[in-house]
There are 4 protein chains.
Amino acid sequence: MGRLTRKGEVNLSGVFGIFSKNSNSVSQIIYYGLFALQHRGQISCGIAINNNGFLDYHKDLGLVHEVFSKDIFDRLRGNMGIGHVKYASSHEEQTQTNTEPVVMGYKKGAFALAFDGSIVNSNELRDKLKESNTVLQSDLDAEVIANVIAKNQCADLEDALNKTLNEIIGSYSLLLMTNDMLIGARDPNGLKPLSLGKLGDDYVLASESCAFDAIGGDFVRDIEPGEVVLINDNGIKTISKNFSERRPCLFELVYFARSDSFMDGKSIYRSRIEVGKQLARESQIDGDIVIGAPDSGIVFAIGYAEESKIPYAEGMIKNRYVGRTFIQPSQELREQGVRIKLNVLKENIEGKKVILVDDSIVRGTTIKRTVDMLREAGAKEIHVRIASPPVLYPCHLGMDTPSKDNLISANMEAEEIRELIGVDSLYFLTLEGLLKAIGNNGFCKGCFTGEYAVEEGKK
Amino acid sequence: MGRLTRKGEVNLSGVFGIFSKNSNSVSQIIYYGLFALQHRGQISCGIAINNNGFLDYHKDLGLVHEVFSKDIFDRLRGNMGIGHVKYASSHEEQTQTNTEPVVMGYKKGAFALAFDGSIVNSNELRDKLKESNTVLQSDLDAEVIANVIAKNQCADLEDALNKTLNEIIGSYSLLLMTNDMLIGARDPNGLKPLSLGKLGDDYVLASESCAFDAIGGDFVRDIEPGEVVLINDNGIKTISKNFSERRPCLFELVYFARSDSFMDGKSIYRSRIEVGKQLARESQIDGDIVIGAPDSGIVFAIGYAEESKIPYAEGMIKNRYVGRTFIQPSQELREQGVRIKLNVLKENIEGKKVILVDDSIVRGTTIKRTVDMLREAGAKEIHVRIASPPVLYPCHLGMDTPSKDNLISANMEAEEIRELIGVDSLYFLTLEGLLKAIGNNGFCKGCFTGEYAVEEGKK
Amino acid sequence: MGRLTRKGEVNLSGVFGIFSKNSNSVSQIIYYGLFALQHRGQISCGIAINNNGFLDYHKDLGLVHEVFSKDIFDRLRGNMGIGHVKYASSHEEQTQTNTEPVVMGYKKGAFALAFDGSIVNSNELRDKLKESNTVLQSDLDAEVIANVIAKNQCADLEDALNKTLNEIIGSYSLLLMTNDMLIGARDPNGLKPLSLGKLGDDYVLASESCAFDAIGGDFVRDIEPGEVVLINDNGIKTISKNFSERRPCLFELVYFARSDSFMDGKSIYRSRIEVGKQLARESQIDGDIVIGAPDSGIVFAIGYAEESKIPYAEGMIKNRYVGRTFIQPSQELREQGVRIKLNVLKENIEGKKVILVDDSIVRGTTIKRTVDMLREAGAKEIHVRIASPPVLYPCHLGMDTPSKDNLISANMEAEEIRELIGVDSLYFLTLEGLLKAIGNNGFCKGCFTGEYAVEEGKK
Amino acid sequence: MGRLTRKGEVNLSGVFGIFSKNSNSVSQIIYYGLFALQHRGQISCGIAINNNGFLDYHKDLGLVHEVFSKDIFDRLRGNMGIGHVKYASSHEEQTQTNTEPVVMGYKKGAFALAFDGSIVNSNELRDKLKESNTVLQSDLDAEVIANVIAKNQCADLEDALNKTLNEIIGSYSLLLMTNDMLIGARDPNGLKPLSLGKLGDDYVLASESCAFDAIGGDFVRDIEPGEVVLINDNGIKTISKNFSERRPCLFELVYFARSDSFMDGKSIYRSRIEVGKQLARESQIDGDIVIGAPDSGIVFAIGYAEESKIPYAEGMIKNRYVGRTFIQPSQELREQGVRIKLNVLKENIEGKKVILVDDSIVRGTTIKRTVDMLREAGAKEIHVRIASPPVLYPCHLGMDTPSKDNLISANMEAEEIRELIGVDSLYFLTLEGLLKAIGNNGFCKGCFTGEYAVEEGKK
């Protein structure tokens, strides 16, 4: 999802937790788990560990390999821990303060919390907390939730959490850890993903199943929408089923997740191949080669090529070395033709009828840039095939897409967009076709239809 | 070329230089050029600038986006400059001292030097320099050459360089800059690549043509084997033709270069596709899917699939976030199944007859690991196809391949290797097939045949 | 105590703790307290805070102004906390791991520990812990003590601490904090200092009273030898009196402490002045000026001058900017006369009969260097007056002085030393004179007499 | 001069240069020289070296021990070099860009420049440079001068420098280095100091003679006002005498310089003792002790005590560990009594008639703070004695004192100040007394009289 990954545009995070009966050094396992989830967040990361009752942690801005070192693992010893990688959503500053897990003291000790999602009534909850003189230090929904839990001084933390989950509205998957248990919770609609795995005899929770592969573990099952599981010395049990209606995020499944993950019973890779094939069936056209916009369009393009029998080829080479501190070219240099991330494989494009497949069009700026590069390289014809319907509505539940003003499809017909980006044809997959390809699972399709699983709050 | 890129195993570097008549801020252009050449070296980088007669520079260990910042470009102002990215070859420590360009004072001022290659008589030259009391501070061939130039106190620097080039034996492409000219030189056999490009009216030199694309420039021509070009206010002229026999490195062309580069008249991408096709023709076998070992086998696999009509698929997902400071799993964790860089797309592999294409086998350890992962994922059959002949001889001219003891093909027959790595079939492309696919250009084929363009020195 | 402050030579630390009823931001107060105690340790520092039940902390190598920043204080919020500054003693590596406070989990939660002192049976305790499979990560006595406390699973932490204090032998003052109390303990002989202060209504504990001045607080009293005090919401109470024999360290009082501190009822400054006067009475000699060796001899010199009526003058200027990363001159440069920390005020020295006062002679190297500088500057006569008796025995209780081989007075008579350092006269204060000047308080005088308050263990 | 050293308030720098005939490693010598001059500037520092024709350099914000490391000295090899330490004056941002030496290319090569002083017509020169399209990157007068030199394309650099010195008006001492010579220049009035020394056979230039002591060298003589000396292989010669009227800065001599330096023939220490004695003669009063405000008043106080026969004592202890990143207490904490840099020695002050000597009063805030602390500590009487006349006028020539509005003596009579700071008596030394004590050397006394050696420009 190239177009969506600009900083501050996606409210995406990855969470990972493990409870081990035997090992006292789970922090490095969490590290590899987070590393497998790095595509879900590159702004900051953190790990909290239960070191025999004392919750120690380390978190900072940066990628997991930048934030953690051998020294830190020597310090972060314990049998249980949770980790987090995050994008900064648009309403969060990218500061050290806005990193997770959040670690807090409460009446009976301490707990740590890692969160992926978007709470639509977080402002309301913030106001309530302020009234009771709670000073919040960050922009994090996670900090709000942690403080509500701490305020809800119930008999035990499970009750406090359950009470809190009844107060928060939105999409989420969250992990909570005390000195003797690990809890995982998924929102009542299952908008956000959360999976259960095993590593030997130990239980593991992760946003995506690819994290289990990374640590040599096995996928067990998805946590159900609304389910809250508690893992401790006695094993795992479901302590609450807050189920509403199954409405997983369609975008999450088809566009965000790593293609080697399984989510709610589906292979992401296979789903994308099928979507690509459906796109080919709906919009077959004569062409010399099929190429994918890197990296988001690649798998769809392979499916498209398979179905259409038109050869798949690499149309562009992506430079893999762009880091967070990379100096972007000025507008002037850009106009002089400085190209840093992508280069066209002229050999493949020149004089060819090119079918360019991408996953979606949000603002329209990226696809325009890609098309321009293909034109310069001498493409004879360019046919753009988009593996999703037009994105017509902004999302407040996690995708954090731009306002309607900035969604090109909310303001232009496909034909106008075709003209604007200057291609020979442009086709958006139909919603029916999309659902046909991946099977309807009750998905929240709000960004395409305006009808959301959860309505927007005053955030 | 996954298997060769371990630090210290490849003596590869990238060089980039520009002489501008008008611009006074070429340093950022060099930055983007080096960024496009980052695949040629990730240990260190540097830029030297001619700021109106004063040679300023900045260089350090790290990737270009790590080493350079806006502040540094504000400082590095000038109309002419050279840059360098490097791997540390096996005989160089990875220290700040071993970074390039080398900047030196000599009788008439200062010059900067950036170097890609391997000097076989460098030890001999070092000894001579020591005899004349020169204190060398680094392990760099570049420093040796710079000091020989400085010692050769000729009428002018061009003569000193020419005299020096007659003294050094090996593979190289080098850039040298004083306060009024930029010189580029390629070794007499053209073992190392060097291309000439233009950016508007300004001349540019780079190890690979992809760097010209990156800055919005155009490829003009390859520098000829043995050619020395001088660029100054009067334009460009060839000041020396030290031509021997054209013997470009076969590995460089087919395996090292970026696939969007052109080298000695050939498209790298197209060459690889043709090699993949030839491999398919030589070793056709029944299979369900063709996959490439990431990333080195991908293009060959696409070619193989095209020729064999067996569908191309992604077999493994590569995690793109591994950085220099990444903590590798211990042997114990590795045995427990921790997989960090690659994950198999089980969906594609399970129950399938898989044709796995890779560029080469050097030690044999990487292919074994890849095959094991495919087995675990449930591949029904695995057929390995290698897009090069067996590597039988170590290279002293730049590839810096391991000693014969560590070259698996120097010690085992193909059938033995097949058994060791546990696959259903294994095939190496024939040298004839390779040359047929890419056209014979006089290549140095030393690693396959033991006959080198330049014999080994006492290095 | 210039001569003793070389890294690894003094086992000195500073501790500071505060329990506040109202404030939720004590971390900055601790910062200023530690800053006032910085002379007691410059290798590392740290602060642990009770944030509403959750013990958060930050510690690292470096001075307090280097280790702490505004960001960290925003994070370290809480009503109670302890801090630590330390020298690395000779048996500790200077690593991040060897920093305090030590924070640990135990059966009922977490606690933090900060320690100043030397446990003579620490090796024995280490062995016991290892037998029960405790993995120790540092060289710290504090970690040993913390683990013994955690093992001593008594009804409550107070009991566990008391039981532990009965097991450890040596010199110490230590602070221990849980989520609802702050404990301070001083060894049964009072070898190490610990003071109680108030800041408004809140109680404060510190190694030296100067820390109370720094935060605008007031000195209340010394913690008694063997006393353990507990501070919580109910105020302060003495929970244990483990008193043995009052044997405070004579060196601590007279040479280590900051001159503006009060310790066991005595003003450090006034004590030093009196010692200087006594020295003058014992060894009166004709001279033009009295100078102190910077900085350790200054106050003694002022006292000497006052008593002898010979004018006090500054004889040397100390460069205040030497930092931890300062590059020391090579032996060669030293011999060429490179002087970095001190410069003689020639104007004051040339042609003069100089009385040079210093606090002690340990190895003899520093006094020699100082004398040489005065000679070069043209001193006519140099008379050295030492404000302590000869140091004849190494100390295992905190001073961590060198072995007997390296103690010059253990190997040479005063006259031999005089000759060696090349001065006109040399005089050591008598032990009687020293005690007469400061009043006998039962002091441990082991370094002068060989009789220690606590005998050496197998450390 | 405690009161003047706040960042941005003093336009002070230190310069150091060496030309060696034999050594090829002068950079470490420069390091020790700069270290001795660190009191003249703590914001940034830098060294430029002539490495056999190539001018290499390193400079950054920070103290010399923070900015330089062994690695950098391995790189900065050469026989000749200059160094710089600086305060940021009020019109300079504290950025990496505003560091010296400035290194520049010009028609015939490169040169480096280090500067101490204040150019009153720098804005005018800046405007001229801008007209000729010179882009200036810093706020530095040094960069302006360097560019004017480069523009003045004379037959040789000496002429260009001389021409430039005729264009610049102000106070300065500057060092300029090319690949074959080192030049030192002092302004026509000798407002800024510059001394010549020798290290073996090699010549050294430094702002103050204490730098020669630090490197084991010898003071030779002061550079004369308006003198320009050139040092090269042929030795030293005076190439220009641009002498005007000798008007050295009175403040520089008496208050800024290190007390172990000699300046224009005078010992700084001895001068200050004499001033202190004169102050005692002018304002004798009955008292129990004489104390100096740390550190600026100490030597004056020693002189005062000597003359008055009232015992000198330490009244306050200064904490030596405040670093650049130290977190200052908030106003609230300050009011609660948090004292970080200074602590009163109560023992010495309580119940005493205290004579407090300081060098000057500028804003009046510091002396007020000091007096308050003495009062709190129980001083019976406080008598302030100031070792300079009232500062009535701001200085544009280096002291960079605040505007008249902020000079307390420009707005209040002594009696009003006495009342404001709340002391029993206050006395300022007379100008006559000051000159009598140190001998009249034509000093610029502008800050006391309003008559400056050089009139203010439009800076």
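Per an unreviewed UniProt entry, chain A is named Amidophosphoribosyltransferase, and its organism is Paratissierella segnis.

Participant: What is the right way to look at the sheet that holds strand S7 (residues 170–177) of chain B in this model?
Facilitator: The pairing of strands in a sheet comes from backbone hydrogen bonds and takes either a parallel or an antiparallel form. All names here are of chain B. Across the sheet, six strands lie side by side as S5-S6-S7-S8-S12-S13; this open sheet has antiparallel pairing. Only two strands of the sheet have a single neighbouring strand rather than two, namely strand S5 (102–106) and strand S13 (235–241). Neighbour-to-neighbour, the strand axes of the sheet open up by a mean angle of 20°, direction not taken into account. Where strand S8 (residues 182–186) lies against strand S12 (residues 227–232), four bridges are found, and the strand directions are antiparallel. Across the sheet, the residue bridging to Ile-183 is Leu-230, located in S12. Against the sheet, helix H6 (residues 157–167) touches S5, strand S6 (109–119), S7, S8, S12 and S13, its axis set at about 170° to S7.

Participant: Even after reading the chapter, I still don't get the UniProt feature "binding site: [4Fe-4S] cluster" (unreviewed entry) in chain A, so can you show me in this structure?
Facilitator: Residue and element names in this part refer to chain A. According to UniProt, the positions carrying the feature "binding site: [4Fe-4S] cluster" (unreviewed entry) are Cys-249, Cys-395, Cys-444 and Cys-447. The annotated residues occupy 199 residues of the chain but converge on a single region, no pair of C-alpha atoms lying more than 10.4 Å apart. Within the secondary structure layout, Cys-395 lies in the loop between strand S20 (381–386) and helix H14 (408–411). You can call Cys-395 buried: its relative accessible area is 12%. Counting through the fold element by element, Cys-447 comes out in helix H17 (residues 446–449). Given a relative accessible area of 6%, Cys-447 falls into the buried group.

Participant: Looking at this model, I keep getting lost on the relation of the copies chain B and chain A. Mind explaining?
Facilitator: Taken together, a rotation about one axis and a shift along it account for how the two chain copies relate. The transform that puts chain B on chain A rotates by 180° and translates by 0.0 Å along the axis, for an RMSD of 0.0 Å. Taken together, the rotation angle and the small translation identify this as a two-fold axis. In terms of C-alpha distance to the rotation axis, chain B has Arg320(B) as its closest residue, with the C-alpha 3.7 Å off the axis. Looking at the interface residues of chain B, 100% of them are also at the interface in chain A, so both copies use one shared face.

Participant: Mind showing me how you'd approach the pairing of S20(A) here?
Facilitator: Put simply, side chains in a regular strand alternate between the two faces of the sheet. Residues and elements named next belong to chain A. The buried fraction of S20 is high, at five of six residues. Handedness of the strand S19 (residues 353–358)-helix H13 (residues 365–376)-S20 crossover: right-handed. Where S20 meets strand S21 (residues 425–428), four bridges bridge the pair, whose relative direction is parallel. Its bridge partner lying in S21, His-383 is registered against Ser-425.

Participant: What am I meant to see in the relation of the copies chain C and chain D here?
Facilitator: By a simple turn and slide, chain C fits onto chain D: the slide is 0.0 Å along the axis, the RMSD is 0.0 Å, and the turn is 180°. An overlap of 100% is found between the interface residues of chain C and their copies at the interface of chain D, pointing to a shared contact surface.

Participant: Help me understand the interface of chain B and chain A in this model?
Facilitator: At the interface, 58 residues of chain B touch 58 residues of chain A. With both sides pooled, the region where chain B packs onto chain A buries about 4800 Å², and carbon together with sulfur makes up 59% of that total. At the junction of chain B with chain A, the criterion picks out one salt bridge. The partner of Lys346(A) in a salt bridge is Asp213(B), with the nearest N and O atoms 4.0 Å apart.

Rules of the game
- Residues numbered from 1 in each chain as written.
- Chains lettered and ligands numbered in written order.
- Predicted model: local features only at pLDDT ≥ 70, side-chain atom pairs only at ≥ 80, totals over all residues.
- Heavy atoms only, no water.
- Pairing = 2+ DSSP bridges.
- Helix = DSSP H or I, 4+ residues; strand = E, 2+ residues; numbered from the N terminus.
- Axes fitted to C-alpha atoms, helices over the stretch in contact; angles between N-to-C directions.
- Contact = heavy atoms within 4.5 Å.
- UniProt positions renumbered as here; feature names shortened; annotations may be inferred.
- Buried < 20%, exposed > 50% of the residue type's maximum accessible area, 1.4 Å probe, protein only.
- Least-squares fit on C-alpha atoms with pLDDT ≥ 70 in both.
- Right-handed = clockwise from strand over helix to strand, strands pointing away.
- Buried area = accessible area lost by both parts, 1.4 Å probe.
- Salt bridge = Lys/Arg side-chain N within 4 Å of Asp/Glu carboxyl O.

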